[in-house]
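The lines below spell out each chain.
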Amino acid sequence: MNKLYPLQLWFTCIVFVAPLLLIIIGLTKSEWNTGLETLPLFLMFGLVLSLPALLISFLTYRLLTETISSAILIKILLNMVIIGIVFITFKIISGSMAFMLSLVYSGSVVLSSLIYSINHKEKHRSL
């Protein structure tokens, strides 16, 4: 199993996919066009506010990989847990954009999970 999967998922989601989705939405919806100068703020706050989600996803991933053998099922369950954490986090933060940002970050979790594999192929050495 790929032990770094939760970290890969978290980093890709927060640093690459979510900002890209925010840019795309900003280009298509004028009320979301906050400008590129806000991206560093989204990155900084995203990295800090998602640390509890990272910790919970590591613990959940470890539990799931010990009890479930299906990589697809592990991904689905882990995504559901992380998406739940995203909605809880934005509910706590609240604000006018909280629900839409929850959808953006949830979508970025799903898209990021398609990039990485849970099954880590190990190289076997022959003597």
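A quick note: this is a predicted structure, and the numbers were derived from the prediction, not measured. (Residues numbered from 1 in each chain as written. Predicted model: local features only at pLDDT ≥ 70, side-chain atom pairs only at ≥ 80, totals over all residues. Heavy atoms only, no water.)

A. Representation of the overall build of the protein chain. A tally of helices and strands in the protein chain yields five helices and zero strands. For the protein chain, the sequential pattern of α-helices and β-strands runs α-α-α-α-α. With the C-alpha coordinates of the protein chain rotated into their principal frame, the extents come out at 60 × 30 × 20 Å. A burial count over the protein chain gives 35% of its 127 residues as buried. Summarising the internal contacts of the protein chain: among those between residues at least 6 apart in sequence, 74% fall at separations of at least 24. Looking at the protein chain as shown, the accessible area adds up to about 8400 Å², and 72% of this sits on carbon and sulfur atoms. Averaged over its 8 positive side-chain charges, the protein chain has a centre that lies 11 Å from the centre of its 4 negative ones. (Helix = DSSP H or I, 4+ residues; strand = E, 2+ residues; numbered from the N terminus. Buried < 20%, exposed > 50% of the residue type's maximum accessible area, 1.4 Å probe, protein only. Contact = heavy atoms within 4.5 Å. Areas by Shrake-Rupley, 256 points an atom, 1.4 Å probe, with all protein chains shown as cover. Lys, Arg positive; Asp, Glu negative; His and termini not counted. Charge placed at Lys NZ, Arg CZ, Asp CG, Glu CD.)

B. Here's a closer look at helix α4 (residues 71-93). With 23 residues, α4 extends 33 Å between its outermost C-alpha atoms, agreeing within 8% with the 33 Å of an ideal straight helix rising 1.5 Å per residue. Taken together, the buried residues of α4 touch α1 (5-28), α3 (51-67) and α5 (98-113). Following α4 by one or two positions, Ser-94 adopts a phi angle in the positive range, close to 55°. (Expected span 1.5 Å × (residues − 1).)

C. Here's a closer look at a nonpolar patch on the surface. Together, Leu-41, Met-44, Phe-45, Val-48, Leu-49 and Ile-93 line one region of the surface with nonpolar side chains, adding up to about 550 Å² of accessible area. By residue number, the principal contributor to the nonpolar patch is helix α2 (residues 39-49), which donates five residues. Looking at the element boundaries, Ile-93 is found in helix α4. Here Ile-93 falls in the partly exposed class, since its relative accessible area comes to 40%. (Patch = residues over 30% accessible without salt bridge, like charges linked within 9 Å, V, L, I, M, F, W, Y side chains within 5 Å. Salt bridge = Lys/Arg side-chain N within 4 Å of Asp/Glu carboxyl O.)

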